[in-house]
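Take a look at the letters that make up each chain.
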Amino acid sequence: MSEEHDFDVAIVGAGPAGCAAALVLARAGIEVVVLERGQYPGAKNVSGAALYGPVLNDIIPEYWEDKESFERHLTTKKITMLSEARSMTIDVDLRDFNQTPYNGVTVQRPKFDRWLAEKAEEAGAMILPDSMVEDFVWEDKQIVGIKSGDEILRAKLVIIAEGANRILTEKAKLAKQPHARHYAVAMKETYELPKKQIEERFHLTGTEGISNEILGHSRGVPGGGFFYTNENTLSFGLILNAKSLTEKKLKATEVLEDFKNHSYIRKLLKDAKMIEYSAHMIPEGGFKHLTKLYGNGVIVVGDAAGMVLNAGLYIEGINFALESGRIAGEAAKKILESNDYTKKSTKIYKNLLKESFAYKDLKQFKRAAKFLETERIFNHYPELINGLFYRLLKNNGKPREKITRAAIKHILKRAKLLGAIKDVFGGLNSL
């Protein structure tokens, strides 16, 4: 026999988006429940993520004073291009010595998600782990609650924060079945390495840390690698376009192992012990493939809405989730005040979201997703650039060429000019 409970707002998913919304609502004295299918918030995530910008500080001021919230401050960003035999890295110092908070931090998702969920609980939210939501409760065309096992939780408003798995978003008629080209396979590994070795290897002191985005050596599959330093672990992974993997008949794990065998990656992971592995799908369709953001009695946040940005130099996910969750909480307060839960009222969420940096960034780079499907970016150009710098910097005992002449000769010999010209204009238009 089913049991019924009433809440003002029910949230599906206790990730960053869901917990941010719950925290905002609980602080306002609103009765909110969060259902999480994992055994605890973050249980379905693998450690390691980079969180950029001030969005977390906007939700929890001076969060960095609580060491449980982060691993290391991101003081250096590295961008690396791999050819088959070589690598080239650009280092950028991210420190602003006149400003706090820092530009970003690394976090371990199981630890971070639990910490954020605890903040929401302290404010008065109810978190129910190990709770799978199978469907909604409908009255006519209005969502009025959710079904979890034998329990029915009625709510005036439902916030979907289920992540990239859009089962409920589709059931709410806010999304269609996704196309493979708009998704990527993300593989993530965590490696154990003593704190002292991490700091010696990467020239870090105190809580300094690095993030490293890596392009190339992925068998021509659009995507890229990432690498973050935590306090005493290393987070490493590779993201690959799902459609390209299928078309090339490649297994993602095989591409990952080949990627790890590059000399640059081997040096990063030397003597480190892998303690965790996971793979999941992430949305990469960008602005043009966002879900419908609101409906009768429901709004959608974070990955479930497709709020992930991949613009090459800018890769954003967790901060977009936090921002959309925060805005969903603010919108829900206004919706509850209006006592109108039809889509005419829930549209408030989209209107508020349109003023946020997350929505504006997605719109600004709306052509990036299509442009970054170009395979030449991931196989031809890393080889071209690495080869050029090897030619310029190699000392073979002969008189050196003028830099500009050598560069032009190298590019004319090795570049596919028509494709390169097309890519230059495509990049200028998209990025």
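Note that the structure is predicted; figures quoted are calculated from it, not measured. (Residues numbered from 1 in each chain as written. Predicted model: local features only at pLDDT ≥ 70, side-chain atom pairs only at ≥ 80, totals over all residues. Heavy atoms only, no water.)

A. Quick look at the overall build of the chain. Counting its regular elements, the chain contains 15 helices and 19 strands. Within the chain, residue pairs in contact and separated by at least 24 positions form 74% of the contacts whose partners lie at least 6 positions apart. When the accessible surface of the chain is totalled, it reaches about 20800 Å², and 50% of it is carbon and sulfur. (Helix = DSSP H or I, 4+ residues; strand = E, 2+ residues; numbered from the N terminus. Contact = heavy atoms within 4.5 Å. Areas by Shrake-Rupley, 256 points an atom, 1.4 Å probe, with all protein chains shown as cover.)

B. Region of interest: the pattern of salt bridges. Counting across every chain of the model gives 16 salt bridges. Linking Asp 8 and Lys 156 is a salt bridge whose minimum nitrogen-to-oxygen distance equals 3.3 Å. Residue Asp 8 is located in strand E1 (residues 3-12), and its partner Lys 156 is located in strand E10 (residues 151-160); the two are separated by 148 residues in the primary sequence. The partner of Glu 189 in a salt bridge is Lys 260, with the nearest N and O atoms 3.2 Å apart. One end of the pair, Glu 189, is in strand E11 (residues 183-192); the other, Lys 260, is in helix H7 (residues 252-260), with 71 residues separating them in the sequence. Residue classification places Glu 189 among the buried residues on the basis of a relative accessible area of 3%. Taken together, the shared-partner salt bridges connect Arg 72, Lys 195 and Glu 199 into one network. (Salt bridge = Lys/Arg side-chain N within 4 Å of Asp/Glu carboxyl O. Buried < 20%, exposed > 50% of the residue type's maximum accessible area, 1.4 Å probe, protein only.)

C. Layout of the environment of Gly 209. For Gly 209, the position within the fold is in strand E12 (residues 208-215). A relative accessible area of 0% means that Gly 209 is categorised as buried. As a C-alpha pair, Gly 209 and Lys 77 span 132 residues in sequence and 8.8 Å in three-dimensional space. Residues contacting Gly 209, with those up to four places away along its chain left out, are Arg 72, His 73, Leu 74, Thr 75, Thr 76, Leu 204 and Thr 229.

D. Structural context of H7. Along H7, the residues that are buried comprise Ala 252, Val 255, Leu 256, Phe 259 and Lys 260. The buried residues of H7 all sit within an arc of 135° when viewed along its axis, so they share a single face. (Arc of directions from axis to C-beta.)

E. Focus on the nonpolar core. Residues Val 9, Ile 11, Ile 146, Ile 159 and Tyr 349 are the most contacted members of the largest nonpolar core, which totals 80 residues. Ranked by the residues each element gives to this core, the list is headed by helix H9 (residues 318-338), at 10 residues. When near neighbours in sequence (up to four residues on either side) are disregarded, Ile 159 contacts Val 9, Ala 10, Ile 11, Val 12, Ala 21, Leu 25, Ile 299, Val 301 and Ala 328. (Core = buried A, V, L, I, M, F, W, Y, C linked by side-chain atoms within 4.5 Å.)

F. View of the packing of H9 against helix H11 (residues 357-364). One can describe the packing of H9 onto H11 by two numbers: an axis separation of 9 Å at closest approach and a directional angle of 130°. On the basis of the axis angle, H9 is oblique to H11. For the pair formed by H9 and H11, the contact residues are Asn 319, Phe 320 and Glu 323 on the first element and Phe 357, Ala 358, Asp 361 and Leu 362 on the second. Residue composition of the contact of H9 with H11, grouped by class: four nonpolar, one polar and two charged. (Axes fitted to C-alpha atoms, helices over the stretch in contact; angles between N-to-C directions. Parallel < 35°, antiparallel > 145°, perpendicular 65-115°, else oblique. Nonpolar A, V, L, I, M, F, W, Y, C, P; charged D, E, K, R; others polar.)

G. View of a negative patch on the surface. Together, Glu 68, Glu 118, Glu 121 and Glu 122 make up a region of like negative charge exposed at the surface. Considering the arrangement of structural elements, one finds Glu 122 in helix H3 (residues 109-123). (Patch = residues over 30% accessible without salt bridge, like charges linked within 9 Å, V, L, I, M, F, W, Y side chains within 5 Å. Lys, Arg positive; Asp, Glu negative; His and termini not counted. Charge placed at Lys NZ, Arg CZ, Asp CG, Glu CD.)

H. Broad picture of a positive patch on the surface. The grouping of Lys 141, Lys 176, Lys 292 and Lys 343 at the surface amounts to a positive patch. Using a relative accessible area of 70% as the deciding quantity, one classes Lys 141 as exposed.

I. The pairing of strand E5 (residues 87-93), seen in detail. Bridge count between strand E4 (residues 72-82) and E5: seven bridges; the pairing is antiparallel. The residue of E5 that forms the bridge with Thr 76 is Asp 93. Hairpin connection from E4 to E5: four residues lie between these consecutive antiparallel strands. (Pairing = 2+ DSSP bridges.)

J. Main features of the side chain of Glu 36. Along the polypeptide, Glu 36 turns up in the loop between strand E2 (32-35) and strand E3 (49-52). Arg 37 provides the closest opposite charge to the buried, unpaired Glu 36, separated from it by 5.5 Å. Leaving out residues up to four positions away in the same chain, Glu 36 has contacts with Gly 13, Ala 14, Gly 15, Pro 41, Lys 44, Leu 128, Pro 129, Asp 130 and Ser 131.

K. Spotlight on H11. Looking at H11, one finds that the buried residues are Ala 358, Tyr 359 and Leu 362. Across the axial projection of H11, the buried residues extend over an arc of 95°, all falling on one side. Tucked into the core, H11 has its buried residues touching strand E18 (309-310), H9 and helix H10 (343-353).

L. Spatial organisation of the packing of aromatic side chains. For the coordinates displayed, the defined rule picks out eight aromatic pairs. Ring plane angle 85° and centroid distance 6.3 Å describe the contact between Phe 136 and Trp 138, whose orientation is recorded as edge-to-face. Taking 5.5 Å as the distance between ring centres and 45° as the angle between the ring planes, the aromatic pair formed by Phe 202 and Phe 227 counts as tilted. Taken together, the residues Phe 202 in the loop between helix H5 (195-201) and E12 and Phe 227 in strand E13 (residues 223-229) connect sequence positions 25 residues apart. Both residues of the pair, Phe 202 and Phe 227, belong to the buried class. (Phe/Tyr/Trp six-rings, centres within 6.5 Å; stacked < 30°, edge-to-face > 60°.)

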